[in-house]
Amino acid sequence: MAEEQEDAHRNVREKAKLAFLGRTRVGKLPVSFRDGVAIGPNSTELSALAGRLGRDANLLPFHFLKWPLVDIEYKDRVIMEIKQHFDFPDECNKYVLKQLNAAWKDEKADLKREYFIPFATREDRIANRPDKVPEDQWTVLVEYWENPKTLEKAGKNILNRKRHKIMHTGGSKSFMKHAVEIEEDPERDAPLGTPATRLEIFRKTHTRKDKTPINELAKEKMDQMKELADKATEEGSSMYSTEHDDIFTQVMGPDSRGRKRCFGRATFPRELSNATSNRDNAEVRSLKEKVVDVQEELKSTKEELKNTQEQFSDLKSTTNALQDSLKATMDELAMMRGYFRLFLPDGVRKFLTHVIF
């Protein structure tokens with residue numbers, strides 16, 4: 001009975017989160033992106049819809065044990081469904097797919113916790129299948145979760161989570177949104193448009209409302225970061241430079257594969273090796289683009305010069321041909337004059353010479 005009430009409350013909450021879909025009847029909701037992450041108006045709504053659809057076993061079947069194994073047809077279909085309500089470029093599909101992936105994994109984790117772990121035998125687990133998961137999919141999941149290798153991996157994951165002793169206070173808001181709030185803070189002592197560093201994001205998302213760190217370990221890490229940042233500043237480094245951003249990894253250790261801390265799970269080290277560095281180097285990229293433009297103009301000028309030279313060469317050839325023709329004509333006239341002198345009577349020769357020459 002308690003489970004049924006919880007499911008009912010959950011359905012009410014989900015419907016409330018998706019109430020915004022009524023607005024899409026008059027037009028798609030535009031979504032802005034930065035560094036591959038949705039920000040600004042309608043980004044929360046986009047995440048809510050992706051979270052809802054990603055948990056649907058009929059749209060993204062759970063018998064695919066890993067996300068890369070899910071057929072592309074299923075993923076494309078869900079993307080098309082989302083794009084009926086939101087307006088964003090195709091290159092941002094990757095972000096939405098990662099949101100779907102996260103929801104898909106979270107749903108399977110919830111199902112395991114609620115319908116698998118409480119039961120000891122396969123028969124009981126199969127018999128207590130959740131209604132929202134088709135029987136064939138549930139059977140595959142149960143067999144997979146019971147596999148000794150899967151149980152061993154799950155045990156290691158539990159130990160890893162227990163080692164994670166610094167919980168963040170950022171809530172459901174993405175780290176990128178926290179970064180935007182930092183950058184828009186009027187009390188922030190930084191040039192306009194300066195991107196938030198990971199030090200700032202870590203401090204904001206691991207601090208209570210009363211501005212105190214979430215726990216002693218978080219305070220210790222913040223103090224270490226501040227000490228290194230102050231030292232770098234004394235040596236002439238800007239407080240908001242990428243050198244200060246790298247201080248984060250000096251204190252917290254390197255990022256793991258597939259995750260870049262303080263930028264959320266939508267960004268990855270191999271895709272975004274340093275988002276702050278990318279934005280800091282915008283001026284360099286702009287200069288490179290200008291150099292490319294100048295090179296293109298130079299190339300075009302060279303082509304025009306080459307065409308002019310070819311035209312001049314053609315004109316020169318025509319002039320030479322005319323000069324040769326004129327010379328040949330003059331030679332013929334000279335021969336005719338000599339012929340007249342040799343063979344024609346004086347009276348006729350004088351007459352023709354007067355007429356022709």
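Calculation criteria
Residues numbered from 1 in each chain as written. Predicted model: local features only at pLDDT ≥ 70, side-chain atom pairs only at ≥ 80, totals over all residues. Heavy atoms only, no water. Helix = DSSP H or I, 4+ residues; strand = E, 2+ residues; numbered from the N terminus. Buried < 20%, exposed > 50% of the residue type's maximum accessible area, 1.4 Å probe, protein only. Contact = heavy atoms within 4.5 Å. Areas by Shrake-Rupley, 256 points an atom, 1.4 Å probe, with all protein chains shown as cover. Expected span 1.5 Å × (residues − 1). Salt bridge = Lys/Arg side-chain N within 4 Å of Asp/Glu carboxyl O. pLDDT = per-residue confidence, 0-100. Core = buried A, V, L, I, M, F, W, Y, C linked by side-chain atoms within 4.5 Å. Axes fitted to C-alpha atoms, helices over the stretch in contact; angles between N-to-C directions. Parallel < 35°, antiparallel > 145°, perpendicular 65-115°, else oblique. Nonpolar A, V, L, I, M, F, W, Y, C, P; charged D, E, K, R; others polar. Phe/Tyr/Trp six-rings, centres within 6.5 Å; stacked < 30°, edge-to-face > 60°.

> Even after reading the chapter, I still don't get the overall build of the chain, so can you show me in this structure?
When helices and strands are counted, the chain shows 14 helices and 4 strands. The buried share among the 357 residues of the chain stands at 32%. For the chain, contacts bridging at least 24 residues in sequence account for 57% of all contacts bridging at least 6. Accessible surface, the chain as shown: approximately 23800 Å² in total, 54% of it carbon and sulfur.

> Please explain helix H2 (residues 43-54) as it appears in this structure.
Given 3.6 residues to a turn, an α-helix orients residues that are three or four positions apart in the same direction. For H2, spanning 12 residues, the distance from its first C-alpha to its last is 16 Å, which sits close to the expected 16 Å at 1.5 Å a residue. Listing the buried residues of H2 in full gives Ser43, Glu45, Leu46, Leu49, Ala50, Gly51, Leu53 and Gly54. Buried residues along H2 sit against strand E2 (32-34), strand E3 (37-39), helix H3 (72-83), strand E4 (86-87), helix H4 (93-116) and helix H8 (175-184).

> Mind showing me how you'd approach the pattern of salt bridges here?
Where charged atoms from two side chains of opposite charge come close, those side chains can pair. In total, this model carries 15 salt bridges according to the counting rule given. Close ionic contact of Arg113 with Asp110 constitutes a salt bridge, the shortest N to O distance being 2.7 Å. You can see Arg113 and its partner Asp110 sitting in helix H4, 3 residues apart, about one turn around the helix. For Arg113, a relative accessible area of 47% translates into the label partly exposed. Between Lys204 and Glu181 there is a salt bridge, with the nearest N and O atoms lying 2.9 Å from each other. A residue pair is termed long-range when its members are at least 10 positions apart, and Lys204 in helix H9 (residues 198-205) and Glu181 in helix H8 qualify at 23 residues. Looking at Lys204, the relative accessible area reads 31%, which means it is partly exposed. On the basis of relative accessibility, which here comes to 34%, the residue Glu181 falls in the partly exposed class. One connected set of salt bridges, linked through shared partners, spans Arg55, Glu107, Asp110, Arg113 and Lys132.

> How should I be thinking about the confidence of the model for the chain in this particular structure?
Keep in mind that low pLDDT regions are not for reading the predicted coordinates in detail. Looking at the chain, the pLDDT average stands at 79 and 77% of residues meet or exceed 70. Put simply, helix H12 (residues 275-280) is where the chain has its lowest mean pLDDT, 45, and H3 is where it has its highest, 96. Ignoring residues within four places in sequence, the model shows residues 266-280, a span with pLDDT below 50, making 50 contacts including any to other chains.

> Help me understand unusual backbone geometry, please; the structure alone is not making it clear to me.
When glycine is set aside, most residues are seen to have a negative phi, and most peptide bonds are trans. Positive phi, normally seen in glycine, also occurs at Asn42, with a value near 75°. Mapped onto the fold, Asn42 is located in the loop between E3 and H2. On the basis of relative accessibility, which here comes to 13%, the residue Asn42 falls in the buried class. Within the chain, Lys211 stands out as a residue other than glycine whose phi angle is a positive 75°. Tracing the sequence through the fold places Lys211 in the loop between H9 and helix H10 (216-234).

> Looking at this structure, I do not really get the nonpolar core. What am I missing?
Within soluble globular proteins, side chains that are nonpolar generally end up buried alongside one another. Counting residues in hydrophobic clusters, the biggest one holds 53 residues, and the most contacted among them are Leu46, Ile82, Phe86, Val96, Leu100 and Trp138. Among the elements that take part in this core, H4 stands out by supplying 7 residues, more than any other. Apart from the residues lying within four places of it in its own chain, the contact partners of Ile82 are Leu46, Leu49, Ala50, Leu53, Phe88, Val96 and Leu100.

> Would you mind showing me how to read the environment of Ala179 here?
For Ala179, the location among the structural elements is in helix H8. Counting along the chain gives 17 residues from Ala179 to Ala196, while the straight-line C-alpha distance between them is 5.5 Å. With residues near it in sequence (within four places) discarded, Ala179 still touches Arg34, Ala196 and Ile201.

> Is there a simple way to explain the packing of H3 against H4 in this structure?
The angle between the axes and the distance between the axes are what describe a pair of packed helices. Relative orientation of the contacting elements H3 and H4 amounts to 110°, with a least axis distance of 11 Å. Relative to H4, H3 is oriented roughly perpendicular. Seen from H3, the contacting residues are Lys75, Val78, Ile79, Ile82 and Lys83; seen from H4, they are Asn93, Val96, Leu97 and Leu100. Of the residues belonging to the contact of H3 with H4, the class tally is 6 nonpolar, 1 polar and 2 charged.

> How do you make sense of the packing of aromatic side chains when you look at a structure like this?
Any two aromatic rings considered together are summarised by their centre-to-centre distance and by the angle between their planes. Summed over all chains, the structure comprises 10 aromatic pairs. Taking 5.4 Å as the distance between ring centres and 85° as the angle between the ring planes, the aromatic pair formed by Phe33 and Tyr95 counts as edge-to-face. Taken together, the residues Phe33 in strand E2 and Tyr95 in helix H4 connect sequence positions 62 residues apart. Classification of Tyr95 by relative accessible area gives buried; the value is 5%. Here a set of aromatic residues connected by ring pairs shows up, and it is made of Tyr115, Phe116, Trp138 and Trp145.

> Mind showing me how you'd approach the environment of Leu49 here?
By secondary structure assignment, the location of Leu49 is in helix H2. Exposure remark for Leu49: the relative accessible area of 4% places this residue in the buried category. Residues Leu49 and Glu81, spaced 32 residues apart in sequence, show a C-alpha to C-alpha distance of 9.8 Å. Excluding residues within four positions of it along the chain, Leu49 makes contact with Leu18, Phe20, Leu21, Ile82, His85 and Phe86.

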